[in-house]
Amino acid sequence: MDIRLHYVEQGKGFPLLLLHGNGEDHTYFEHQMEPFSQHFRVICPDTRGHGASERGNRPFTLEQFADDLKSFLERMQIKKCHLLGFSDGGNIAMLFALKYPGYVEKLILNGANLRPEGVKPSVQLPIMAGWALCGLCGLFSRKAKRNWEMLDLMVTQPYITPEALERLRIPVLVIAGTNDMIREEHTRSIGRALFWGQVKILPGDHFLARKNSQPFNEAVLEFLTKEE
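The shown structure was predicted, so the numbers you read here are calculated from the model rather than taken from an experiment.

1. Thoughts on the overall build of the chain
Then comes step 1: Within the chain, the secondary structure is distributed over 9 helices and 7 strands.
Then comes step 2: A compact globule built from 228 residues would reach a C-alpha radius of gyration of about 17 Å, and the chain, at 17 Å, matches this within 12%.
Then comes step 3: With the C-alpha coordinates aligned to their principal axes, the bounding extent of the chain is approximately 55 × 40 × 35 Å.
Then comes step 4: In the chain, buried positions account for 52% of the 228 residues.
Then comes step 5: If you take every contact in the chain between residues at least 6 apart in sequence, the share linking residues at least 24 apart comes to 78%.
Then comes step 6: For the chain, the accessible area works out to roughly 10600 Å², and carbon and sulfur atoms hold 53% of it.
Then comes step 7: Within the chain, one finds 27 positive and 27 negative side-chain charges whose respective centroids are separated by 3 Å.

The structure is reproduced here in structure tokens:
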């Protein structure tokens, strides 16, 4: 790995990793650290090129971020963990669990999508317009190129098939808001594709963990602490 990911952690016990979304950092989970750390060793890394983590010279893709996570777990000497991902963090978590299933005990996908079309057109179309504009301006501006890289994660990625998800043989909680930017039918299709999945739709928008933290935290902890 060409970089080291910045991270914060709190608590003791079985590891629970929290993966933030596009353009964010570990502080997105400010309302989860304390309650979750009462049960788990909570670890929040900043994704490559986000927060205090360096960009490095590897490809800026969700697949690369999943590989970065494997290197991070190896460096932390973590062989098994619970994994919670929000938005693009959820997409990274899916890719990671599919590629390295032995590392994941339970998986929580919050506002994730299998492909760009899972995002509502009212949200995706402006993103695509910004992506195209930044691609053009990126020929002359380093900042625009940086913005294009971020938007490219949402415009061209991910592409995960329901058939691939069927291979996962771990408990998975798929959670989203009633007014999420991810289409509800798309969220439910993720749950249907999973061998051992459940779907929970809570009042709120895409940013449940930040704006409606109490029911979000309760749902996550109930899932993680329940004996299967």
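After that view of the structure, there is still more to cover.
2. Focus: the pairing of strand 2 (residues 15-19)
Across a regular strand the side chains alternate sides, sitting on one face of the sheet and then on the other.
Then comes step 1: Counting buried positions along strand 2 gives 5 out of 5 residues, so the element sits mostly inside the fold.
Then comes step 2: Side-chain alternation along strand 2 places Pro 15, Leu 17 and Leu 19 on one buried face and Leu 16 and Leu 18 on a second face that is also buried.
Then comes step 3: Of the strand pairs in this sheet, strand 2 and strand 3 (residues 41-45) are connected by 3 bridges, and their pairing is parallel. Paired with Leu 17 across the two strands is Ile 43, which belongs to strand 3.

3. As for the packing of helix 2 (residues 62-75) against helix 3 (residues 88-99)
Then comes step 1: Interaxial distance between helix 2 and helix 3 falls to 9 Å at its minimum, and their mutual angle equals 65°. By the angle class used here, helix 2 and helix 3 are roughly perpendicular. The two elements helix 2 and helix 3 cross, and the hand of that crossing is right-handed. On the side of helix 2, the interface is formed by Leu 62, Glu 63, Phe 65, Ala 66, Asp 67, Leu 69, Lys 70 and Leu 73, while helix 3 contributes Asp 88, Asn 91, Ile 92, Leu 95, Phe 96 and Lys 99.
Then comes step 2: For the contact of helix 2 with helix 3, a count of residues per class yields 8 nonpolar, 1 polar and 5 charged.

4. Let's talk about the pairing of strand 6 (residues 172-177)
Then comes step 1: Counting buried residues along strand 6, 6 of its 6 residues qualify, which places the element largely inside the surrounding structure.
Then comes step 2: A two-sided burial pattern is seen for strand 6, the buried positions comprising Val 172, Val 174 and Ala 176 on one face and Leu 173, Ile 175 and Gly 177 on the other.
Then comes step 3: Pairing of strand 5 (residues 104-110) with strand 6 involves 4 bridges; the strand directions are parallel. Each residue of the ladder has a partner; that of Ile 108, found in strand 6, is Leu 173.
Then comes step 4: Where strand 6 lies against strand 7 (residues 197-202), 6 bridges are found, and the strand directions are parallel. Opposite Ala 176, over in strand 7, you have Ile 201 as the bridge partner.
Then comes step 5: For the segment spanning strand 6, helix 7 (residues 184-193) and strand 7, crossover handedness is right-handed.

5. Let's talk about the environment of Leu 69
Then comes step 1: Mapped onto the elements of the fold, Leu 69 is located in helix 2.
Then comes step 2: Separated by 130 residues in sequence, Leu 69 and Val 199 place their C-alpha atoms 25 Å apart.
Then comes step 3: Non-local contacts of Leu 69, meaning those with residues more than four positions away in its chain, are made with Leu 17, Leu 19, Leu 83 and Phe 96.

6. A closer look at the nonpolar core
Then comes step 1: Leu 17, Leu 73, Leu 83, Phe 96, Leu 107, Leu 109 and Leu 165 are the most contacted members of the largest nonpolar core, which has 42 residues in total.
Then comes step 2: For this core, the element with the most residues is helix 3, which contributes 7 residues.
Then comes step 3: Those residues in contact with Leu 109, other than ones at most four positions away along the chain, are Gly 85, Gly 90, Ala 93, Met 94, Val 172, Leu 173, Val 174, Ile 175 and Ile 190.

7. Points about the packing of aromatic side chains
Then comes step 1: The full count for this structure, using the stated rule, is 9 aromatic pairs.
Then comes step 2: Taking 5.3 Å as the distance between ring centres and 50° as the angle between the ring planes, the aromatic pair formed by Phe 96 and Tyr 100 counts as tilted. The same class applies to Phe 96 and to Tyr 100, which are both buried.
Then comes step 3: Members of the aromatic cluster, connected to one another through ring pairs, are Tyr 28, Phe 29, Phe 86 and Phe 207.
Then comes step 4: One residue, Lys 106, lies across the ring of Phe 223, its end atom 5.2 Å from the ring centre.
Then comes step 5: Sitting above the plane of the Phe 195 ring, Arg 169 keeps its charged end 4.1 Å from the centroid.

8. Digging into the state of the cysteines
Then comes step 1: Counted by the stated rule, this structure contains 0 disulfides.
Then comes step 2: Counting only cysteine sulfurs, Cys 81 is the nearest neighbor of Cys 44, a cysteine outside any disulfide, at a range of 12 Å.
Then comes step 3: Residue classification places Cys 44 among the buried residues on the basis of a relative accessible area of 0%.

Definitions and limits used
- Residues numbered from 1 in each chain as written.
- Predicted model: local features only at pLDDT ≥ 70, side-chain atom pairs only at ≥ 80, totals over all residues.
- Heavy atoms only, no water.
- Helix = DSSP H or I, 4+ residues; strand = E, 2+ residues; numbered from the N terminus.
- Rg over C-alpha atoms; globule rule 2.2 N^0.38 Å.
- Buried < 20%, exposed > 50% of the residue type's maximum accessible area, 1.4 Å probe, protein only.
- Contact = heavy atoms within 4.5 Å.
- Areas by Shrake-Rupley, 256 points an atom, 1.4 Å probe, with all protein chains shown as cover.
- Lys, Arg positive; Asp, Glu negative; His and termini not counted.
- Charge placed at Lys NZ, Arg CZ, Asp CG, Glu CD.
- Pairing = 2+ DSSP bridges.
- Axes fitted to C-alpha atoms, helices over the stretch in contact; angles between N-to-C directions.
- Parallel < 35°, antiparallel > 145°, perpendicular 65-115°, else oblique.
- Left-handed = near helix turned anticlockwise from the far one by under 90°.
- Nonpolar A, V, L, I, M, F, W, Y, C, P; charged D, E, K, R; others polar.
- Right-handed = clockwise from strand over helix to strand, strands pointing away.
- Core = buried A, V, L, I, M, F, W, Y, C linked by side-chain atoms within 4.5 Å.
- Phe/Tyr/Trp six-rings, centres within 6.5 Å; stacked < 30°, edge-to-face > 60°.
- Lys NZ or Arg CZ within 6 Å of the ring centre and 35° of its normal.
- Disulfide = S-S within 2.5 Å.

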